[in-house]
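A structural walkthrough
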Amino acid sequence: MKRLFEGRMRNKQLLSWLAVGVLVGALLLPLVISIPLLAEEFEDAALEQAAFAEETLGEDVPAQEIGYDVHYGDEGIVQGPPAPVTSDNENDYPRYNFESRVIIWVANQQHLYYGSFVLAVPIFVMIIEFIGMVTKDRAMAQKYDTLAYDFIKISITAYSITAILGGVLVFTFMILYPAFWTYMTKIFHPAMHIYVLLFLAESGTLYIYYYGWDAMREGLLKWVHLSMAVFLNVFGTVLMMLANSWATFMMSPAGVDAEGQYLGNIWLAVHNHLWNPVNIHRILGNMVFGGGIVAAYAAYRFLSAKNDEERAHYDWMGYVAMFIAVAFLIPLPFAGYYLMREVYAYRQQMGITLMGGLLAWLFIIQAVLIGALFLTTNYYLWQGMERMRGAERYQKYIKYMTFVLIVCFLVWLTPHTMVMTPTELKEMGGQQHPVVGNYGVMSAKNGAVNIIITTTVLSFLLYQRCNKIPTVPWARYGNIALWALFSVAFVNIIWLAIYGYYIPANVRVGLSVPQVVSTLSCLFIGMTINLFMMRGAKPTGPVEWGKISVRSQYALFMLATSFTWMMGLMGYIRSSVRLHWHVNEIMRDNSPWAFTHTIGFAANMISFNVLFFWVTLLFVFWLGSLGTKKAVVEKGRAAPVAALAPSTN
Amino acid sequence: MPGFIEGMMPVQLLAEILLIIVIFVLGAMILDKKMGIRIPMLLQAALVFIAGWWYYKFRIEPPLPFSVRAIYQVMIAIGIFMWVSSAEKGWTEFKRPILAVLDAKTPLTWWVRAVLLVVLPLSASGMAYKNLLPSLGEPIELRTVHPAPPAAVTVHGKKFPLQTSESPVRVDESGEYSNHIQDAHVMDNPFDPDSIQYMQNVKEGGDIFFQNCHFCHGDNLNGRGLYAYAFNPIPANFTDPGTLAQLQETFVFWRVAKGGPGLPREGFPWASAMPPWEQHLTTEEIWKVILFEYWHTKYPPRTWDE
């Protein structure tokens, strides 16, 4: 009997590993399409076809026109009309008595907000469901499962809103920018068809996934259920990458010749210069954004909770969501750096418009927002210490960490070009301040932001240790190692930041690598050492979920709104860097709105979009709470112990 | 008070702030532990805030523009809030006097309340008055210091695409363009008659600079030439890492050739006094003076693909 049982266990394990393998394989699928090999095949096929046509038909056919790819320089057969030359009239730019660009701006932004939210949530639903399935502790496992279900429930309403907004967006394009839209569809129609099909597949999977949650609870079916989450994410990611290719085509066109004539290779048009950098940046960004929104949802439910169980549940949910958001926030700046690098490599002009020119002032706002994100994260973690007994040991360090963070932010926020009156300028004797101006350059900023991230990691480590006293025999050495690790990292980062002043710019760029390595090694090595040290640690008390200050929940709101605002801002920057082009250097925007708005107007528009999004989202939350009210209370009652159990996180 | 030491300024500033905080923390600790006097949280917070304000207003020379000080002060306030409200105990202690002023019934709080009721509206109206008073100062202009360049410039009838052009005078011994030649020769003597072609180009560039540019850009290339302060915007400071060092050589070529009049539309407010040098120098002279500027400041031009 026992043997049989063991055998079954082993089978089950095998099956699990298989399933995991399939999961990983399916997740990697989208990457496969970005392998350029495929492109060559396409191209060869096209050329062969042309050669074949020439051969068989001989001289009778008119010679086919050959064009050269604007970006890749490849030869291709012209297969489409040149980009239309529009002019400011009602035919090319039909209009209401209103600025068309503002309409398209709002339609785009709202679709993007909802789109990224519904793309992000299934990713972490998948992760959380998986964690739930491999967690041994039954109560905990159940808790994770409920959480995953809660997440997907919010996204289901959002999903239909996304679809509606997508429709609105397409119609807005067709109505207000018909010439541009026709041109785009002529090139991208095959991709657009795939897009629609994928969308159908995604909807189907999502609905089965959601409504089949309870039916597919046990055994193998649960794995099938999880693999559906994987497919959901594969579809979603490919969808997003397709849509990205249209946006990046507009910035860095490829696959067409200098007149904008399509050369027959859709892959080149999709795989344009900025496609992959934007893909990576957007996937990470979506995760951060999705985590932020769910955290805000949890905060909303926490604040409106009627009893302790609900409060405990939503406190925990907010914590997990915040954790996800921050985990993806940390690599985001690096992805941003990569994107900027590629922009510069593509066109110096575009890079300068972004970072040094017309749009540079907006980057200062971005710096402020990034600051807000990291400060809020730290603040939330410190507030979280309150719910653990034994935290007093670490709370006394908070003031020093605040100090370090604030000083770094003073450096981080020091603008290179200061806003000042001419009188102040004369008093200062130059655009750059001799003392403080030194903080305006890359070297100082890199140092500051790395210290900020490292300090955030430190906050998190302390948070993890709050309610535990290590008992492993090497605890003393472990502590020494952690001290040494962080001290060396801090010294290293600061030293390199100073050293960076004395060396040329192109060498300095190289310095950011060891700085980042310091930061990341604190993150990974520090976390690992800490994790092992906390094995079998003596708890000083459970995590009392729900016993967190109200301030912390407002911090979560702050986090989510900052993300939203930042996304609106960066999206605007990315899009308006094309200046007066629909498609950069290929199709000119000749509408009366082809100018760059003032900073104030742009900021107001972004705020409007943020506000609009949050108001509609509150409606979604409210809908979500209508359905859950009963369920959570029942579940809460069923597992009150679970809800109060210390988390492993 | 000793001033800021040239070359150490950014580090010195941070060290001084650190020192102030250390004195503050130690002082509070000694008062608390040795003499049993505990400074109330609210007072501590106020002290930190005022110290920050004092430091940036009076310690930093030359004075900082208001916009920057405002950013700093807001950051300090946020930091103070994070610190006092990080733990429930401190937060309660911090709030207590404030709440007491709002509703406690002791004579002291009554007086404080009364005074505040008079002082707050008065200072608000004072501020409003100050803001509304018309000032004679010129308004703030947000200048785009480095506007995006055109894709190509035409100088003396020749077209230079900025993405791909290279300086014809930044050459190594074999006459080929080289990114590294400057690094190898930053310490060389430009007046050495036997030096390589590159150094001779630098020397000729230097001649051109001192004949044409140094009146404005200064003989140390730091933007403080004889006429510098007559202009708004003032001439660029090439020793600042924010100018030459972060630009590609072709960008600088475009700026020198076309000057202030050649600024694109986004180069608001187009009031630059920088002359369009194509009217006075040959193409080669322009490249040479740029070569000199990079050589003298020891910054290499920005390059992307390497």
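You'll find the structure just up there.
Residues numbered from 1 in each chain as written. Chains lettered and ligands numbered in written order. Predicted model: local features only at pLDDT ≥ 70, side-chain atom pairs only at ≥ 80, totals over all residues. Heavy atoms only, no water.

1. What about the packing of helix H4 (residues 138-176) of chain A against helix H9 (residues 308-329) of chain A?
How two helices sit against one another is set out by the angle between their axes and by the gap between those axes. Residues and elements named next belong to chain A. Rules: Every axis in this analysis is a line fitted to C-alpha atoms, fitted for helices over the stretch in contact. Angles between the N-to-C directions lie between 0 and 180 degrees. Comment: elements are numbered from the N terminus, with helices defined as DSSP H or I runs of at least four residues and strands as E runs of at least two. In what follows, roughly perpendicular refers to angles from 65 to 115 degrees, roughly parallel to angles under 35, roughly antiparallel to angles over 145, and oblique to any angle outside these ranges. Contacts between residues were defined by any pair of non-hydrogen atoms, one from each residue, lying within 4.5 Å.
In the contact formed by H4 and H9, the axes pass within 11 Å of each other and the chain directions differ by 75°. With respect to H9, the element H4 is oriented roughly perpendicular. Here H4 contributes Met-140, Lys-143, Tyr-144, Leu-147, Asp-150, Phe-151 and Ile-154 to the contact with H9, which in turn contributes His-313, Tyr-314, Trp-316, Met-317, Val-320 and Ala-321.

2. Details of the interface of chain A and chain B
The cut-off we apply is this: Two parts placed together each lose some accessible area under a 1.4 Å probe, and the buried area is that loss summed for both. Whenever Lys or Arg places a side-chain nitrogen within 4 Å of a carboxyl oxygen from Asp or Glu, that contact is recorded as a salt bridge. Any pair of nitrogen or oxygen atoms within 3.5 Å is treated as a polar contact; in protein, a donor-acceptor pairing is required on top of that, and neighbouring residues in sequence qualify only through side-chain atoms on both sides. As a working rule, the residues Ala, Val, Leu, Ile, Met, Phe, Trp, Tyr, Cys and Pro are called nonpolar, Asp, Glu, Lys and Arg charged, and the rest polar, with Gly in that last group.
With 64 residues of chain A at the contact, the number on the chain B side is 67 residues. Summing both sides of the interface, chain A and chain B together bury roughly 5900 Å²; the carbon and sulfur share of this comes to 66%. Our count for the contact surface shared by chain A and chain B stands at 1 salt bridge. Where chain A touches chain B, the interface holds 10 residue pairs in polar contact (both at pLDDT 80 or more). Listed by contribution, the elements that provide at least two residues to the side of chain A that touches chain B are helix H10 (332-346), helix H11 (348-355), helix H12 (360-385), helix H14 (398-413), helix H15 (422-428) and helix H18 (505-533) of chain A. A per-element tally of the side of chain A that touches chain B places H14(A) first, with 11 residues. Grouping the amino acids of the side of chain A that touches chain B by side-chain chemistry returns 35 nonpolar, 21 polar and 8 charged.

3. Side note on the packing of helix H7 (residues 197-212) of chain B against helix H10 (residues 283-297) of chain B
Residues and elements named next belong to chain B. Across the interface, H7 lies against H10 with an axial gap of 7 Å and an inter-helix angle of 100°. With respect to their mutual orientation, H7 and H10 come out roughly perpendicular. Across the interface between the two elements, Tyr-198, Met-199, Asn-201, Val-202, Glu-204, Gly-205, Gly-206, Ile-208, Phe-209 and Phe-210 from H7 touch Glu-285, Lys-288, Val-289, Leu-291, Phe-292, Glu-293 and Trp-295 from H10. In terms of residue class, the contact of H7 with H10 is made up of 10 nonpolar, 3 polar and 4 charged.

4. Topic: the nonpolar core
Our working rule: The set of buried Ala, Val, Leu, Ile, Met, Phe, Trp, Tyr and Cys residues whose side-chain atoms join them within 4.5 Å is what this entry labels a nonpolar core. Here's how the labels work: a residue is buried when its accessible area is under 20% of the maximum for its type, exposed when over 50%, partly exposed in between, all with a 1.4 Å probe on protein chains only. All the domain ranges listed were derived from an automatic or database domain assignment.
A:Phe151, A:Phe188, B:Leu13 and B:Tyr56 are the most contacted members of the largest nonpolar core, which totals 253 residues. The leading source of residues in this core is helix H3 (residues 100-134) of chain A, at 17 residues. Counting residues domain by domain, this core receives three or more from each of domain 1 (4-131) and domain 2 (152-297) of chain B. Setting aside residues no more than four positions away along its own chain, B:Leu13 makes contact with A:Val435, A:Val436, A:Tyr439, B:Phe4, B:Tyr55, B:Tyr56 and B:Ile60.

5. Some words on unusual backbone geometry
Each neighbour pair has its own omega, and for B:Glu61 with B:Pro62 the value is -10°, a cis peptide bond. The residue B:Pro62 is located in the loop between helix H2 (41-59) and helix H3 (66-84) in this model. Located in the positive-phi region is A:Leu579, a residue other than glycine, with phi close to 55°. Examined against the element boundaries, A:Leu579 turns out to sit in the loop between helix H19 (550-576) and strand S5 (581-583).

6. Thoughts on the environment of A:Cys466
Residue and element names in this part refer to chain A. Note that Cys-466 resides in the loop between helix H16 (442-465) and strand S3 (468-469). The exposure class of Cys-466 is buried, given its relative accessible area of 0%. Here the alpha-carbon distance between Cys-466 and Lys-143, two residues 323 residues apart in the chain, equals 22 Å. When neighbours within four sequence positions are excluded, Cys-466 is seen to be in contact with Met-385, Met-388, Arg-389, Gly-390, Ala-391, Arg-393, Tyr-394 and Thr-540.

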